[in-house]
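Residue-level structural notes
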Amino acid sequence: MTQPLLAQFERPTEQLTEREICNELLALRNQDSESLGEQERTELDAEILAFDFREKEPCRERDEANFFLPASTFTDANGRPVTNPDRADVTPDVHNYWAGRATSTDNPILAFRYAGLVWEFAKEVTGSSADIRYARLLIDSAARIAREKLHRQETSIISKLGFALSVAQSIRDRDRIQMLCHVIVDYECDIAELNKPGLWGFAFNYLVEDKRVQPPDSLVQRIIADLEGKLKAIQEEAGKDFNPFSADAAAQRLARYYRRSGKPDEVKRVLNVYRDTYLQAADETSALVGSAWLQKVYGVLLPFGLRSEAEEVSIKLRELGRKGRDELAHVSHDMEIPAEEFDKFLDGMVAGDVETALTRFVDHFIPIRDQVERQVKELAESHPLLSIFGTTLVDGDGRPKANVGSVEHDLDGNIAKLTAQNMGFTAIFVRRTVEKLREKFELTSDDLMAFLYRSPILPSDRRSIVSEGLTAYLEENWSVAMHLLIPQIEATLRRLIELSGGATWKLGRNGAFMLKNFEDLLRDERAARALGADAVHYLRVLFTDQRGWNLRNAVCHGIVPETAFCAPHADRVVHALLFFALIREGAAPSDPI
């Protein structure tokens, strides 16, 4: 029964896909498995296995060694990776069956699949290379599929041509390499659509970017002329139906080609067209979209040495960033806490004497990194779509200040971002706790100084500055408090590293030494040993990480608005300063305080 079904796929003029064939075969096994003989069932299983593999996507999976890949990959209940189909299922008998099918079919789609599998799995299954005729068969089949457009999906034909070219190179078949060069260029010309960049540019990738191919110069010039024509057409449509992916696909390929050819003026010309096209398109769309486009343009121009052109883009970016603030949606959420529960929480926070209460205050509001990591993963599980997209964080001027990738690829960035968000959510609890401490103990700056300076790491020559900062804080002069205390926290951390035997200098650009900055100090392993990993994470998010509050850099560089000098920020600065009072000489982070 398998053969009649396969016979319907033998018509070489009908467009097919491998998945359609696989589905038909699976349906046959599910419906008629009992009526199949042992030999038929074995052959059917080999056919299903052949068409269940998917083919490598050359753009997305460029570094993948194999061309035939599992259709799906997942982890089992024990956390072990599982692939379907499994390459281990390809036995010598299956391999031999595919070899026979490759030479018996008249359909180039089937021939390509069987011959390609035989060629790729030969050493893995049999221990030796396959007969070269299978390489030639898959190459010729790929060329015929492209010429006659036999596959329903253009991207699959593009992948097949890339695999065929790599095989032709591996067997050093110069005639077939040259034949494929012409087929690839012709096929791209046949299917290319300006606003579908996935259907063009592959001729450049396969034949021009890969230095091993060495196509005829006439073909190279044809490819370059075609890209130039596309860039011109994209420029003309910039204010109408602009596709940024098309602009990137044409301009960046041309720039790379001209740079490799030693033509800097052409590189500049192409990238200036690219830049101007984006600038024009950015004026025709929303500020947020235009800003995202121009960030990419800026990142493209710099590696090509076009610094002044990139600076022009940055000026436009600043303008769009400010406009984009008005386009951002405001999201709020109301949460009610029963007064009784809140009062109970506050009473617990200030229980005992002043030293006990301050110690509890410091300890309670330090974020626990492992807890935040679990929270990130739980959110990713409950909202999987949101977790696969990155986030761009902007400052008050609309300046993109940090990019956070997907949870899978940027777990640390997502932990930092969520830690900062959590600190914002808990600000009301910190503020009310401070107010309760002041109410119960009638706190003065002298009380806080006495608590602080029981630790040996507070610089004794900065007492008056610290005292002034704490006084300003208690008087709710947030700006003065933050400006005075943030540098003292950095100085205290520097002293901690010094007392721990670490270096606090680094070589500057002019050959002289400069002090390590806050972030440098946090990266010192002595900081983690003395403070604990949670405290280092907290200080980084609070003071130096652009994905977090970044108060040290924002305040010291004058890039925060007046509204940033507020109770929530000042509370956290003082909280971080008080944390250093818990450090004792010779104590480890895990020691009881």
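Shown above is the structure to which this text applies.
Below you will find a few notes about this structure. (Residues numbered from 1 in each chain as written. Predicted model: local features only at pLDDT ≥ 70, side-chain atom pairs only at ≥ 80, totals over all residues. Heavy atoms only, no water.)

Structural notes on the overall build of the chain
Rule in force here: Here a strand is any run of E in DSSP of at least two residues, a helix any run of H or I of at least four, and the numbering for each starts at the N terminus. The quantity called the radius of gyration is restricted to C-alpha atoms. Its globule counterpart is 2.2 Å times the number of residues to the power 0.38. Residue contacts follow a heavy-atom distance rule, with two residues in contact if any of their heavy atoms lie within 4.5 Å. Calculation of accessible area relied on Shrake-Rupley with a 1.4 Å probe; when residues are assessed, cover is drawn exclusively from the protein chains displayed.
A tally of regular secondary structure across the chain gives 28 helices and eight strands. Taking 2.2 N^0.38 as the reference for a compact globule, 593 residues should give roughly 25 Å; the C-alpha atoms of the chain span a radius of gyration of 32 Å, well beyond that estimate. When the backbone C-alpha atoms are referred to their principal axes, the chain occupies close to 95 × 65 × 50 Å. If you take every contact in the chain between residues at least 6 apart in sequence, the share linking residues at least 24 apart comes to 65%. Just so you have it, the chain exposes about 30,300 Å², and 49% of that area is on carbon and sulfur atoms.

Structural notes on the pairing of strand β3 (residues 72-75)
Stated precisely, the cut-off is as follows: Strands are labelled as partners when DSSP assigns at least two bridges between them.
Summarising the sheet, β3 and strand β4 (residues 81-84) pair through four bridges and their orientation is antiparallel. Bridge pairing links Ser72 to Asn84 in β4. Count of turn residues in the β3/β4 antiparallel hairpin: five residues, of which Gly79 carries a positive phi of about 80 degrees.

A short note on helix α17 (residues 369-382)
One full turn of an α-helix is made of 3.6 residues, so residues set three or four places apart face in the same direction. Here is the rule we go by: Here, expected helix span is obtained from the residue count minus one, scaled by 1.5 Å. A simple rule labels every residue: compare its accessible area, found with a 1.4 Å probe on the protein chains alone, to the largest value its type can have, and call it buried under 20%, exposed over 50%, or partly exposed in between. Arc, as used here, means the arc of the directions from the helix axis to the C-beta atoms.
Its 14 residues give α17 an end-to-end C-alpha distance of 20 Å, which sits within 8% of 20 Å, the value for a rise of 1.5 Å per residue. All of the buried residues along α17 are Val372, Glu373, Val376 and Ala380. All buried residues of α17 project into a common sector of 105 degrees when viewed along the axis, lining one side. Projecting away from the buried face of α17 at angles above 90 degrees are the exposed residues Glu378 and Glu381.

A look at a nonpolar patch on the surface
Applied cut-off: Patch membership requires over 30% relative accessible area and the absence of a salt bridge. Like charges are linked within 9 Å, and nonpolar side chains (Val, Leu, Ile, Met, Phe, Trp, Tyr) within 5 Å. We define a salt bridge as a contact between a side-chain nitrogen of Lys or Arg and a carboxyl oxygen of Asp or Glu at a distance within 4 Å.
Taken together, Trp505, Leu507, Phe513 and Leu515 make up a surface patch of nonpolar side chains, about 500 Å² in accessible area. Of all the secondary-structure elements, those providing two or more residues to the nonpolar patch are β7 (505-507) and β8 (513-515). Here Trp505 is to be found in strand β7.

Considering the pattern of salt bridges
Per the stated rule, a full pass over the model turns up 45 salt bridges. When the shortest N-O distance is used, the salt bridge between Arg87 and Glu124 registers 2.8 Å. Placement of the pair is Arg87 in the loop between β4 and α4 (92-104) and Glu124 in helix α5 (residues 108-126), with a sequence separation of 37 residues. Here Lys316 ties to Glu319 by a salt bridge, and the two come within 3.3 Å at their closest N and O atoms.

Considerations on the side chain of Glu120
Stated precisely, the cut-off is as follows: Counted as a polar contact is a pair of N or O atoms within 3.5 Å, where, for protein atoms, one must be capable of donating a hydrogen and the other of accepting one, and residues adjacent in sequence contribute only when both atoms are in side chains.
With respect to the helices and strands, the residue Glu120 is situated in helix α5. Since its relative accessible area comes to 16%, Glu120 is described here as buried. Polar side-chain contacts of Glu120 include one of 3.2 Å to the backbone nitrogen of Phe68. Setting aside residues up to four positions removed in sequence, Glu120 forms contacts with Asn66, Phe67, Phe68, Arg87 and Phe163.

What about the nonpolar core?
Generally speaking, a soluble globular protein has its nonpolar side chains buried in company with each other. Heads up, the condition is: Buried Ala, Val, Leu, Ile, Met, Phe, Trp, Tyr and Cys residues form a nonpolar core when they are joined through side-chain atoms within 4.5 Å.
Counting 104 residues, the largest nonpolar core has Trp98, Leu161, Leu207, Leu271 and Leu294 as the members making the most contacts within it. Of the residues forming this core, the biggest block, 10 residues, is contributed by α5. In contact with Leu294, other than residues within four places in its own chain, are Tyr278, Leu279, Ala282, Val313, Lys316, Leu317 and Leu320. Counting 68 residues, the second largest nonpolar core, distinct from the first, contains Val466, Ala527, Val536 and Ala581.

Focus on unusual backbone geometry
With an omega dihedral of -5 degrees, the bond running from Asn84 to Pro85 counts as a cis peptide bond. Among the structural elements, Pro85 can be located in the loop between β4 and α4. At Glu476, a position not held by glycine, the phi torsion is positive, near 60 degrees. Within the fold, Glu476 resides in the loop between α22 (463-474) and α23 (478-499). The phi angle at Asn550 is positive, at roughly 55 degrees, despite the residue not being glycine. If you trace the backbone, Asn550 turns up in the loop between α26 (533-544) and α27 (551-556). By relative accessible area, which is 8% here, Asn550 ends up buried.

Overview of the environment of Glu209
Mapped onto the fold, Glu209 is located in helix α9 (residues 202-209). Judged by relative accessible area, Glu209 falls into the partly exposed class, the value being 32%. Sequence separation between Glu209 and Tyr257 is 48 residues; the distance between their C-alpha atoms is 7.8 Å. With near-sequence residues (within four places) excluded, Glu209 lies in contact with Phe204, Arg256 and Arg260. Here Arg256 takes part through its side chain, which lies 2.9 Å from a polar atom of the side chain of Glu209.

With respect to the environment of Tyr114
Residue placement: Tyr114 occurs in helix α5. Along the primary structure Tyr114 and Gln371 are separated by 257 residues, whereas in three dimensions their C-alpha atoms are 51 Å apart. Residue contacts for Tyr114: discarding those within four places in its chain leaves Glu47, Ala50, Phe51, Trp98, Arg101, Ala102 and Thr105. Engagement of the side chain of Tyr114 in a polar contact is seen with the side chain of Glu47, the distance being 2.5 Å.

Structural notes on the side chain of His569
Within the fold, His569 resides in helix α28 (residues 567-579). When its relative accessible area of 18% is taken as the criterion, His569 is described as buried. Leave out the neighbours within four places in its chain, and His569 touches Met482, Trp549, Leu551 and Ala564.

Some thoughts on the packing of aromatic side chains
Heads up, the condition is: Side-chain rings of Phe, Tyr and Trp, where Trp is taken by its six-membered ring, are said to pair if the distance between their centres is within 6.5 Å; with planes under 30 degrees apart they count as stacked, over 60 as edge-to-face, and otherwise as tilted.
The tally for this structure, following the rule as stated, stands at 23 aromatic pairs. The interplanar angle of 85 degrees and the centroid separation of 6.1 Å between the aromatic rings of Phe112 and Phe163 together place this pair among those described as edge-to-face. You can see Phe112 sitting in helix α5 and its partner Phe163 sitting in helix α7 (residues 154-170), a full 51 residues away along the chain. In this structure, Phe112 and Phe163 share a single accessibility class: buried. Measuring from centroid to centroid gives 5.0 Å for Phe242 and Trp293, while their planes differ by 70 degrees, and the two rings are edge-to-face. Separated by 51 residues along the polypeptide, Phe242 in the loop between α10 (217-236) and α11 (244-260) and Trp293 in helix α13 (residues 287-301) bring together distant segments of the chain. Under the relative-accessibility criterion, Trp293 is labelled buried at 15%.

A short note on α22
Here α22 is 12 residues long and its end C-alpha atoms lie 16 Å apart, about the 16 Å a rise of 1.5 Å per residue gives. Every buried residue belonging to α22 is among Val466, Gly469, Leu470, Ala472, Tyr473 and Leu474, and all of these are buried. Looking at the packing, one finds that the buried side of α22 touches α20 (427-441), α21 (445-452), α23 and α28. One or two positions beyond α22, positive phi appears at Glu476, with a value near 60 degrees.

Keep in mind these numbers describe shape, not what the thing actually does.
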